[in-house]
Amino acid sequence: MKMKRLACGYLVFQSIGAISWWALLFASTDFRSAFIPTGDSDVYILSLFVSDLLLFILLPLSVVAGLWRDRSWAWPALCVHVGAAVYAALMAVSQFFLTGGECWPGLVLMAPTLIFPAYFAYQLAPGNGDR
């Protein structure tokens, strides 16, 4: 049960953080510029909004609801989120290295998604006991 509470807390925190990040991206071109390589258009990063909304904000919140209610679909949904989160984090890592260190705030913000969602999915996997 403790692991389930930790996972739910993390996923809610992550979703709130993503909502805040997107609000700042839309509101401030100065903030947005920290996540866009020099000379690139902001269209690229803004085009990620729908996928982030669905897979990085709403899906984790539905996972939380499913975990709290012990729904059988919660763990597979968490695994889908893990795939999306790791993909997005690896994009941030690649962008950091391909731009010679530009866009480092994206790398810092996405680093936890390389670890925590997958860790929680492993810990909460069916057959791992009541955690």
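Residues numbered from 1 in each chain as written. Predicted model: local features only at pLDDT ≥ 70, side-chain atom pairs only at ≥ 80, totals over all residues. Heavy atoms only, no water.

Draft legend 1. Here's a closer look at the nonpolar core. By size, the foremost hydrophobic cluster in this structure holds 16 residues, and its most contacted members are Leu11, Val63, Leu67, Leu78, Phe120 and Leu124. Contributions of two or more residues to this core are made by helix 1 (2–27), helix 4 (49–68), helix 5 (74–98) and helix 7 (116–123). Looking at this core, the element that brings in the most residues is helix 1, giving five residues. Among residues more than four places away in sequence, those in contact with Leu78 are Leu11, Val63, Pro117, Phe120, Ala121 and Leu124. Residues Ala18, Phe56, Ala85 and Ala92 belong to the second largest nonpolar core, which totals 13 residues. (Core = buried A, V, L, I, M, F, W, Y, C linked by side-chain atoms within 4.5 Å. Buried < 20%, exposed > 50% of the residue type's maximum accessible area, 1.4 Å probe, protein only. Helix = DSSP H or I, 4+ residues; strand = E, 2+ residues; numbered from the N terminus. Contact = heavy atoms within 4.5 Å.)

Draft legend 2. Molecular detail of the pattern of salt bridges. Scanning the model with the defined rule gives two salt bridges in all. Between Asp70 and Lys4 there is a salt bridge; the shortest N-O distance is 2.4 Å. Of this pair, Asp70 sits in the loop between helix 4 and helix 5 while Lys4 sits in helix 1, and the two are 66 residues apart along the sequence. For the salt bridge of Asp42 with Arg32, the shortest nitrogen-to-oxygen distance reads 2.5 Å. Placement of Asp42 in the loop between helix 2 (29–33) and helix 3 (43–46) and of Arg32 in helix 2 is noted, with a sequence separation of 10 residues between them. For Asp42, a relative accessible area of 27% translates into the label partly exposed. (Salt bridge = Lys/Arg side-chain N within 4 Å of Asp/Glu carboxyl O.)

Draft legend 3. Examining a nonpolar patch on the surface more closely. On the surface, a cluster of nonpolar side chains totalling about 640 Å² of accessible area is made up of Val12, Ile16, Val50, Leu54, Leu55, Leu58, Leu61 and Val80. For the nonpolar patch, the secondary-structure elements that each account for two or more residues are helix 1 and helix 4. Of all the elements, helix 4 adds the most residues to the nonpolar patch, at five residues. By relative accessible area, Val50 is classed as exposed at 52%. (Patch = residues over 30% accessible without salt bridge, like charges linked within 9 Å, V, L, I, M, F, W, Y side chains within 5 Å. Areas by Shrake-Rupley, 256 points an atom, 1.4 Å probe, with all protein chains shown as cover.)

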